[in-house]
Amino acid sequence: MTATESVNDTLTASVTDADTGTTDDDVLIRAENLTKHYPIKSGVFGRETGRVRAVDGVSLTVHKGETYSLVGESGCGKSTTGRLFLRLEKPTAGSVVMDGRDITQLRGRALRTFRRQVQVVFQDPFSSLNPRMTVGGIVEEGLIIHEPKMTPMARRERARELLALTGLGADALDRFPHEFSGGQRQRVGLARALATDPKFLVADEAVSALDVSIQAQIINLLQELQGRLGIAYLFIAHDLAVVRHLSRRVGVMYLGHLVEEGPAAAVFENPLHPYTRALLSAIPEPDPDRRKKRVILSGDVPRADNPPAGCRFHTRCPECRPECTQGTIPEVTPEPGHRVKCVLYA
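Mind showing me how you'd approach the packing of aromatic side chains here?
Within a pair of aromatic rings, the relevant descriptors are the distance that separates the centres and the angle that separates the planes. In this structure the tally under the stated criterion is four aromatic pairs. When the centroid spacing of 5.1 Å and the interplanar angle of 80° are considered together, the rings of Y254 and F313 count as edge-to-face. Here the residue Y254 occupies a position in strand β9 (residues 249-254), and F313 occupies one in the loop between α10 (274-281) and β11 (331-335), the gap between them amounting to 59 residues. Using a relative accessible area of 2% as the deciding quantity, one classes Y254 as buried. An aromatic cluster is defined as three or more aromatic residues linked by ring pairs; in this entry it consists of Y254, Y275 and F313. Sitting over the ring of F180, R175 keeps its end group 4.3 Å from the ring centre.

So, in structure tokens, the structure goes:
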């Protein structure tokens, strides 16, 4: 059995409805024209000689209780987008609005209140945990910061409840991260993230470092927690087999741009952008009758400090036209809820 088959079999019950069924009242967090450029400096005086355009004008919305997945090749800006949503990075331009407030402008107490509403689960469950702290201390740390009036006994009990919620026993409280497996450490990371009762959680490649069978367990746990607690996820991943079963909506990024977005079923069954079609053609498919024709992309991904004009994918696109190489590529919506930046649909 292949890795993809194993995940697919375990996650059969995870398929979501293509119709999002959401309204503006369901919006939890919204990004508008989100941009993050990193300056390149050189010389004795550190003069700016260029900029790495990690995220360049991304607009997307995550609704309450949904899973929105960002996919794309390494270096396309997925993780930077997640960090901007968390205010771990300050954007160069654009806004991120949650509960009617632009979180990029928050300071002091307002920023601390926002911090407890959003949390993150990192890719590497070992390096994201302090090896000198016990698991109990790691989970309680957020409570010490955000619930200073809580007694040590109450914090201890809350940590025990959170570990039980994520599938770990009370004996884990006094153990250290190195005593656990990778999957167990990721459960500790989840328990820590849930300590402040967040509304929004960024899972940045949260299962990519785990074995396939453990991936399925963590994904099922994420879905169970979402159903129980109503948390919204921004799920950042490159494993499209996982994304298809976990997500309600999917956004496809390429070189800092969001090139396609739509309900998961629509994106996977009817991909519009040539880049999306190339990504999906690489998914291993055991059924010969369902295999897509493999799209082989030529050339390398352009440098983010000197992206090509027009559509940034045109240097590798098998369907490139002259109008792809210049101007601003329009965003169109060929079907409800399914948008794409491509001249093929203009």
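Help me understand the pairing of β11, please; the structure alone is not making it clear to me.
A regular strand places its side chains so that they alternate between the two faces of the sheet. The pairing of β11 with strand β12 (residues 338-341) spans three bridges and is classified as antiparallel. Its bridge partner lying in β12, E335 is registered against H338.

Looking at this structure, how should I read the packing of helix α4 (residues 135-146) against helix α5 (residues 152-165)?
Following both chains from N to C, one finds α4 and α5 inclined at 115°, their axes separated by 9 Å at the closest point. Overall, the two elements α4 and α5 adopt an arrangement that is roughly perpendicular. When the axes of α4 and α5 are compared, the crossing they make is right-handed. Along its contact with α4, which presents V135, G136, V139, E140, L143 and I144, the element α5 presents R155, R156, R158, A159, L162 and L163. Looking at the contact of α4 with α5, its residues break down into seven nonpolar, one polar and four charged.

Reading the values: the criteria
- Residues numbered from 1 in each chain as written.
- Predicted model: local features only at pLDDT ≥ 70, side-chain atom pairs only at ≥ 80, totals over all residues.
- Heavy atoms only, no water.
- Phe/Tyr/Trp six-rings, centres within 6.5 Å; stacked < 30°, edge-to-face > 60°.
- Helix = DSSP H or I, 4+ residues; strand = E, 2+ residues; numbered from the N terminus.
- Buried < 20%, exposed > 50% of the residue type's maximum accessible area, 1.4 Å probe, protein only.
- Lys NZ or Arg CZ within 6 Å of the ring centre and 35° of its normal.
- Pairing = 2+ DSSP bridges.
- Axes fitted to C-alpha atoms, helices over the stretch in contact; angles between N-to-C directions.
- Parallel < 35°, antiparallel > 145°, perpendicular 65-115°, else oblique.
- Left-handed = near helix turned anticlockwise from the far one by under 90°.
- Contact = heavy atoms within 4.5 Å.
- Nonpolar A, V, L, I, M, F, W, Y, C, P; charged D, E, K, R; others polar.

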